[in-house]
Amino acid sequence: LYVDTGKNPIADAMAAASTEVGKYMQKHWPGAYNDIREAEKSKVPSLPPLWQMGGENGPGNVMMVSRNLGSSAHIDCADKSRSFAIWVEELPGRAQNWYFILPDVSIGGSTGVVIKLFHGAVITWDGAEIRHCSSVTKPGKDNNVYGCMFGSCR
């Protein structure tokens, strides 16, 4: 059961970040933005856009944040839209072995695609259709890497 404490610094930060991400997506990734928004509208029951997620201009009602995540290859069966993610690093340039991997995608006959992540990297993909994972990153001393994914799921 969720009970609002009345202390909203996290909600305020989420609203500010989501509003800016929504603006960025509308300008640079309109297909992913529109896909997420349409999927959110089609949910039953339909939920109004959350102010904490940027309201009418935000990128939907789902945000997932990871810290130093390494994951096995998987499909996100509950996803209803493309995913949009941005990666950041506390101490940019320090992390090693930081990759997003698409093991079943091929470019020029390759066996899989490995995308080297960096502070500010942005990727959009259909997690319900494309198997994906992330490497076990070595962030380095006093450093962390974060991923922030927006999409329509569950």
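Above: the structure in question.
Residues numbered from 1 in each chain as written. Predicted model: local features only at pLDDT ≥ 70, side-chain atom pairs only at ≥ 80, totals over all residues. Heavy atoms only, no water.

All right, on to the pattern of salt bridges then. Throughout the structure, instances matching the rule amount to five salt bridges. In this structure, arginine 131 and aspartate 104 form a salt bridge, with 2.7 Å as the shortest nitrogen-oxygen distance. One end of the pair, arginine 131, is in the loop between β6 (122-125) and β7 (132-134); the other, aspartate 104, is in the loop between β4 (99-102) and β5 (113-116), with 27 residues separating them in the sequence. Residue aspartate 104 is classed as exposed on the basis of its relative accessible area of 53%. (Salt bridge = Lys/Arg side-chain N within 4 Å of Asp/Glu carboxyl O. Helix = DSSP H or I, 4+ residues; strand = E, 2+ residues; numbered from the N terminus. Buried < 20%, exposed > 50% of the residue type's maximum accessible area, 1.4 Å probe, protein only.)

As summarised here, the arrangement of the four strands in space is β2-β7-β4-β5, forming an open sheet in which the pairing is antiparallel. Only two strands of the sheet have a single partner each, and these edge strands are β2 (71-74) and β5. Neighbour-to-neighbour, the strand axes of this sheet turn through a mean angle of 15°, independent of strand direction. Direction of pairing for β4 relative to β5: antiparallel, over a ladder of four bridges. Each bridged residue has a counterpart across the sheet, and for leucine 102 the counterpart in β5 is valine 113. (Pairing = 2+ DSSP bridges. Axes fitted to C-alpha atoms, helices over the stretch in contact; angles between N-to-C directions.)

As a further point, take the packing of aromatic side chains. Evaluation of the coordinates by the stated rule reveals four aromatic pairs. Seen from their ring centres, tryptophan 87 and phenylalanine 100 are 5.4 Å apart, and the 55° between their planes marks the pair as tilted. With tryptophan 87 in strand β3 (residues 83-89) and phenylalanine 100 in strand β4, this residue pair connects regions lying 13 residues apart in the sequence. Here tryptophan 87 matches phenylalanine 100 in class, with each residue buried. Cluster of aromatic residues (ring-pair linked, three or more members): Tyr24, Trp29 and Phe84. (Phe/Tyr/Trp six-rings, centres within 6.5 Å; stacked < 30°, edge-to-face > 60°.)

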